[in-house]
Amino acid sequence: TPQADPTICESKSTQLQLVSNATQYSWVPAAGLSNTSIANPVANPIVTTQYTVIATLGRCSANDIVVVNVNTAPTPDAGRDAIICYGQTYTLQGAGGVQYTWTPSTYLSSTTGAGPVSNPAKTITYTLAKVIDANGCESLTTDDITVDVTPPIKVTTFPYDTVGYPGDQFELKAVAAVPAANIFFWSPATRLSNGNIFNPIVTVGNINDDIVYQVTASTAAGCKGEGYVRIRVYKGPDIYVPTAFTPNGDGKNDKFTPFPVGMKSLSYFKVFNRWGQQIF
């Protein structure tokens, strides 16, 4: 009985269904067959292959032809590597099938679908582990994509906290590195010479003013970081001394320093303990 031509996916197999009262069988070609001398060998060809079988009963024989159609396995495409800033999201762009499986699940909104959203805290590589095409065939290979996360910009400001007297002028400065920022925006722009440079000149305002300037440093790629400068305005002349300081090297209140307000110079600075002994 002639058999129907089966269709399989690449790497899969099918058992041929020859129905015959013959006693001997011979299949050609042998490539992809589990046995060439039985009625129903298992076929696992790499590409579409036409097989011919000679069935023999005594001195009589008959031929049959069967074509095993092989659908090529889909090729997964995870897309190009991406570079984003810390805090941003990235939508993966898988291609090559109709169903998708991604690994690992870290930072992903879903492990299925062509375009899950990643919100990574650090650089990570994702693998498009499997795709299935419209024929139901699965991929035999994988593809990777690396989402490179640029770390947040650290912005150091000078001075961090300071006091001044009305009308005094001095330079504010924002330093941003790793990555280097080249776009600066100060807010509020009140009494600043230019709110769009890294080192504007500030003119101190009225007595009792307490203004916090925020500077946003960003790169052309959109990575951002923030820094702050607080300026308090006191009536002088007087000397103001902080009640505490944090010498941990983070650029904020690292030094224990007196602030002379409305004075031209400071001659000396001494620190005593509670018993009157000079310790600095």
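Conventions used here
Residues numbered from 1 in each chain as written. Predicted model: local features only at pLDDT ≥ 70, side-chain atom pairs only at ≥ 80, totals over all residues. Heavy atoms only, no water. 1 Å grid on protein atoms, 1.4 Å probe; cavity = no way out; pocket = protein on both sides within 12 Å on 5 of 7 lines; lining within 4 Å. Points joined across faces, edges and corners; volume = space filled by probe spheres on them. Helix = DSSP H or I, 4+ residues; strand = E, 2+ residues; numbered from the N terminus. Nonpolar A, V, L, I, M, F, W, Y, C, P; charged D, E, K, R; others polar. Patch = residues over 30% accessible without salt bridge, like charges linked within 9 Å, V, L, I, M, F, W, Y side chains within 5 Å. Areas by Shrake-Rupley, 256 points an atom, 1.4 Å probe, with all protein chains shown as cover. Salt bridge = Lys/Arg side-chain N within 4 Å of Asp/Glu carboxyl O. Buried < 20%, exposed > 50% of the residue type's maximum accessible area, 1.4 Å probe, protein only. Pairing = 2+ DSSP bridges. Phe/Tyr/Trp six-rings, centres within 6.5 Å; stacked < 30°, edge-to-face > 60°. Lys NZ or Arg CZ within 6 Å of the ring centre and 35° of its normal. Axes fitted to C-alpha atoms, helices over the stretch in contact; angles between N-to-C directions. Core = buried A, V, L, I, M, F, W, Y, C linked by side-chain atoms within 4.5 Å.

S.K.: Just to check I follow, could you spell out empty space enclosed by the protein for this structure?
M.R.: Taking a probe equal in size to a water molecule and rolling it over the atoms shows the remaining empty space. The final tally for this structure, using the stated rule, is one cavity of 30 Å³ or more. As a volume, the largest cavity reaches approximately 50 Å³. Residue lining of the largest cavity: Val202, Thr203, Val204, Gly205, Asp209, Asp210, Ile211, Tyr213, Ile231 and Val233, and that is the complete set. Elements with a contribution of two residues or more to the lining of the largest cavity: strand S18 (201-203), strand S19 (210-218) and strand S20 (224-233). Tallying contributions element by element places S19 first for the lining of the largest cavity, with three residues. For the lining of the largest cavity, the per-class residue count stands at six nonpolar, two polar and two charged.

S.K.: Just to check I follow, could you spell out a nonpolar patch on the surface for this structure?
M.R.: A contiguous nonpolar surface patch, about 300 Å² in accessible area, is contributed by Ile239, Val241, Met263 and Leu266. Met263 gets classed as partly exposed once you look at its relative accessible area, which sits at 34%.

S.K.: How do you make sense of the pairing of S19 when you look at a structure like this?
M.R.: Side-chain positions along a regular strand alternate between the two faces of the sheet. Bridge count for strand S17 (residues 183-187) against S19 is five bridges, and the pairing is antiparallel. Paired with Phe184 across the strands is Ala217, a residue of S19. Across nine bridges, S19 lies against S20 in antiparallel orientation. By the bridge assignment for S20, Gln214 is matched with Tyr228. Once S19 ends, the chain turns through five residues before running back antiparallel as S20, passing Gly222 with a positive phi of about 100 degrees.

S.K.: How should the packing of aromatic side chains be read in this particular structure?
M.R.: Here the distance between the centres and the angle between the planes together describe a pair of aromatic rings. Under the definition given, this model contains five aromatic pairs. Taken together, the aromatic side chains of Phe245, Phe256, Phe269 and Phe280 make up a single cluster linked through ring pairs. The cationic tip of Lys270 hangs over the ring face of Tyr268; the distance from NZ or CZ to the ring centre is 5.2 Å. For the cation-ring pair, Arg274 lies above Trp275, with the distance from its terminal atom to the ring centre recorded as 5.7 Å.

S.K.: Whenever I open this one, the sheet that holds strand S14 (residues 161-164) confuses me. Can you help?
M.R.: Paired through backbone hydrogen bonds, the strands of a sheet run either parallel or antiparallel to each other. Across the sheet, four strands lie side by side as S14-S20-S19-S17; this open sheet has mixed pairing. For this open sheet the edge positions go to S14 and S17, each flanked by a neighbour on one side alone. Looking at each pair of strands side by side, their axes are set apart by 25 degrees on average, direction ignored. Where S14 lies against S20, four bridges are found, and the strand directions are parallel. Each bridged residue has a counterpart across the sheet, and for Thr162 the counterpart in S20 is Ile231.

S.K.: Help me understand the nonpolar core, please; the structure alone is not making it clear to me.
M.R.: Across soluble globular proteins, nonpolar side chains show a tendency to be buried alongside one another. One finds Val155, Leu172, Trp186, Val202, Tyr213 and Ile231 to be the most contacted residues of the largest nonpolar core, which totals 21 residues. Those elements that provide at least two residues to this core are strand S16 (173-177), S17, S19 and S20. Examining the composition of this core, we find that four residues originate from one element, S19, more than from any other.

S.K.: Honestly, unusual backbone geometry in this entry has me stumped. Any pointers?
M.R.: Residue Pro29 is bonded to the preceding Val28 through a cis peptide linkage, with omega at -5 degrees. With respect to the helices and strands, Pro29 occurs in the loop between strand S3 (24-28) and strand S4 (42-43). In this structure, the amide linkage connecting Phe158 to the following residue, Pro159, adopts the cis form with an omega of -15 degrees. Among the secondary structure elements, Pro159 is positioned in the loop between strand S13 (154-158) and S14. A positive phi angle is found at Arg191, which is not glycine, with a value near 65 degrees.

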